[in-house]
Amino acid sequence: MSNENYLIFLDVWNNVMVVGTVVLLVAAVLVFIFHKIRLASMKDLKQKYDYLSQYDIKMQMRSIWFLSGAILFALNTVYKPTMEIHYVWFIVRLFITFCIATLIVYISYLLYKYSYPAKLHKKLKELRYTPRISSKGNKMRLLSEEEEDVHLDEGMQAEEEVFSMDYDVWVDEATGELKIEKYAGHLEANKCNTCGFYTMKLKTEEIIEPATSNSEGEMIQHWSCSYCGAKRTKPIRIARLEEGQEFKLPKTLKFKDGKHIDAVKVHVHLSDGTIREFDFQNAEQAAKFLDKYQVEIDSENAMFKG
Ligand SMILES: [Zn+2]
């Protein structure tokens, strides 16, 4: 490229970057404002809960993507006189700014993955446990796990039993009005195609070919619905074994006196650095959960020790 052409190119580049900066900056602000307005426009606390848990991190991250793009474009207009000396400087600037933008996205990603969830969790908990107001304007009371069962049908109870769904039952004690809210449980269960409840759980795994450190394995999963009893089989590939992936939870956990326990919190530190937090109303539930969680982890990582 002749020097003259290069200088023309630089001018065009500069203009494109300026326009791009403005467009991306506007996009970043719009996404953020849209998110906040949408949240504020929701009156129902459960609706806010669902929206935040599904979109809060996604929308903020999207805004950050646009913002980093804007920063990348803006930085590619600086030191223009130096760029005019030689195109090598142009390449150096491009490289450095690209690193900066990548770093911003990466750091934000880490913050949203490891730090922000705790804050979001607190916000969600507040939304979930703020007393609901009945149609008569009375403050409703949240029933305990023991009290709520009479208001849940068998399918709902089966879902709670396998921790796939969690139902909150609010009651207006003056009028008897009920409000049942459905939340995702601590463990995942699949939807049963026969009865429609989230009670399809993995029962056994049959290894056809064990995985080794250098080849994938294969197994057959046997699923069964704990509510209607429907059965299903599914072939699964087993990931290659990696070192340091194994960990164990106690099979059973005993609490000497359940009477004086108001809440039980379980923190599970996974080997990839993530921490999962689970809340329970009583020790019995937590112990039952840990028993099921072991199965869940095993199937999640498809780890088999020979
Ligand atoms: Zn079923």
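Just above, that's the structure.
Since the structure is predicted, the reported quantities are computational estimates derived from the model, not experimental observations.

*Asks:* Which parts of the structure should I look at to understand the overall build of the protein chain?
*Replies:* Helix and strand counts for the protein chain come out as seven helices and eight strands. If you take every contact in the protein chain between residues at least 6 apart in sequence, the share linking residues at least 24 apart comes to 59%.

*Asks:* What's the story with unusual backbone geometry in this structure? I'm lost.
*Replies:* The bulk of non-glycine residues show a negative phi, and the bulk of peptide bonds are trans. At Tyr-79, a position not held by glycine, the phi torsion is positive, near 55°. According to the C-beta neighbour criterion, Tyr-79 is partly exposed, with 14 such atoms within 10 Å. Look at Phe-163: it is not a glycine, yet its phi comes out positive at around 60°. Note on placement: Phe-163 falls in the loop between α6 (154–161) and β2 (165–171).

*Asks:* Sorry, what's going on with the sheet that holds β2 here?
*Replies:* One key point about sheets: their strands pair by backbone hydrogen bonds, in either a parallel or an antiparallel sense. Strand order across the open sheet formed by three strands is β1-β2-β3, with antiparallel pairing between neighbours. Two strands close off the open sheet at either side, each with one partner strand: β1 (141–142) and β3 (178–184). Across two bridges, β1 lies against β2 in antiparallel orientation. Residue pairing across strands places Leu-142 opposite Trp-170, the latter belonging to β2.

*Asks:* Honestly, the environment of Met-59 in this entry has me stumped. Any pointers?
*Replies:* Relative to the elements of secondary structure, Met-59 occurs in helix α2 (residues 45–75). By the C-beta count within 10 Å, which is 19 here, Met-59 ends up partly exposed. In the structure, Met-59 is positioned 28 residues away from Val-31 in sequence and 6.9 Å away in space, judged by C-alpha atoms. Dropping the residues within four chain positions of it, Met-59 is found in contact with Val-31 and His-35.

*Asks:* Is there a simple way to think about the sheet that holds strand β5 (residues 217–225) in this case?
*Replies:* Taken in spatial order, the three strands make up an open sheet running β4-β5-β6, and their pairing is antiparallel. Both outer strands of the open sheet, β4 (200–209) and β6 (231–238), are each paired with one neighbouring strand and no more. Sheet twist, expressed as the average angle between the axes of neighbouring strands with direction ignored, equals 25°. Both β4 and β5 contribute to a ladder of eight bridges, which runs antiparallel. Within β5, the residue paired with Glu-206 across the bridge is Ile-220.

*Asks:* Even after reading the chapter, I still don't get the nonpolar core, so can you show me in this structure?
*Replies:* Here is a general trend for soluble globular proteins: nonpolar side chains tend to be buried in one another's company. Counting residues in each nonpolar core, the largest one holds 20 residues, and the members touching the most others are Cys-192, Phe-197, Tyr-227 and Phe-289. Going through the elements one at a time, α6, β2 and α7 (283–301) are the ones with two or more residues in this core. Considering every element that reaches this core, the biggest residue donor is β2, with five residues. What Phe-197 contacts, discounting residues up to four positions off in sequence, is Gly-155, Ala-158, Glu-159, Cys-192 and Tyr-227. Counting residues in hydrophobic clusters, the runner-up holds eight residues, among them Leu-24, Ile-64, Leu-67 and Ala-70.

*Asks:* Can you help me understand the environment of Asn-15 in this one?
*Replies:* Take Asn-15: it is sitting in helix α1 (residues 3–40). Judged by local crowding, Asn-15 falls into the exposed class, with 11 C-beta atoms found within 10 Å. Sequence separation of Asn-15 and Thr-77 is 62 residues, and the distance between their C-alpha atoms is 8.6 Å.

*Asks:* What exactly am I supposed to notice about the pairing of strand β7 (residues 264–269) here?
*Replies:* Successive side chains on a regular strand alternate, one facing one side of the sheet and the next facing the other. Little of β7 is tucked away, with zero of its six residues classed as buried. Relative to strand β8 (residues 275–280), β7 is paired through six bridges, and the arrangement is antiparallel. Paired with Val-268 across the bridge in β8 is Arg-276.

*Asks:* I tried to follow α6 on my own but got confused; where do I start?
*Replies:* Residues spaced three or four apart along an α-helix point in a common direction, a consequence of the helix completing one turn every 3.6 residues. Burial in α6 covers these residues: Met-156, Ala-158 and Glu-159. Burial along α6 is one-sided: seen end-on, the buried residues are contained in an arc of 160°. Positive backbone phi, approximately 60°, marks Phe-163, located one or two places after α6.

*Asks:* Hey, could you run me through the environment of Arg-141 in this one?
*Replies:* Its location among the elements puts Arg-141 in strand β1. Residue Arg-141 is classed as partly exposed on the basis of its C-beta count, with 14 C-beta atoms lying within 10 Å. The spatial distance from the C-alpha of Arg-141 to the C-alpha of Lys-179 is 9.9 Å, given a sequence separation of 38 residues. If we skip the residues at most four places from it in the chain, Arg-141 touches Trp-170, Val-171 and Glu-173.

Definitions and cut-offs
- Residues numbered from 1 in each chain as written.
- Predicted model: local features only at pLDDT ≥ 70, side-chain atom pairs only at ≥ 80, totals over all residues.
- Helix = DSSP H or I, 4+ residues; strand = E, 2+ residues; numbered from the N terminus.
- Contact = placed C-beta atoms within 7 Å.
- Buried ≥ 20, exposed ≤ 12 C-beta atoms within 10 Å, placed from the backbone.
- Pairing = 2+ DSSP bridges.
- Axes fitted to C-alpha atoms, helices over the stretch in contact; angles between N-to-C directions.
- Core = buried A, V, L, I, M, F, W, Y, C linked by C-beta atoms within 7 Å.
- Arc of directions from axis to C-beta.

By themselves these figures say nothing about function.
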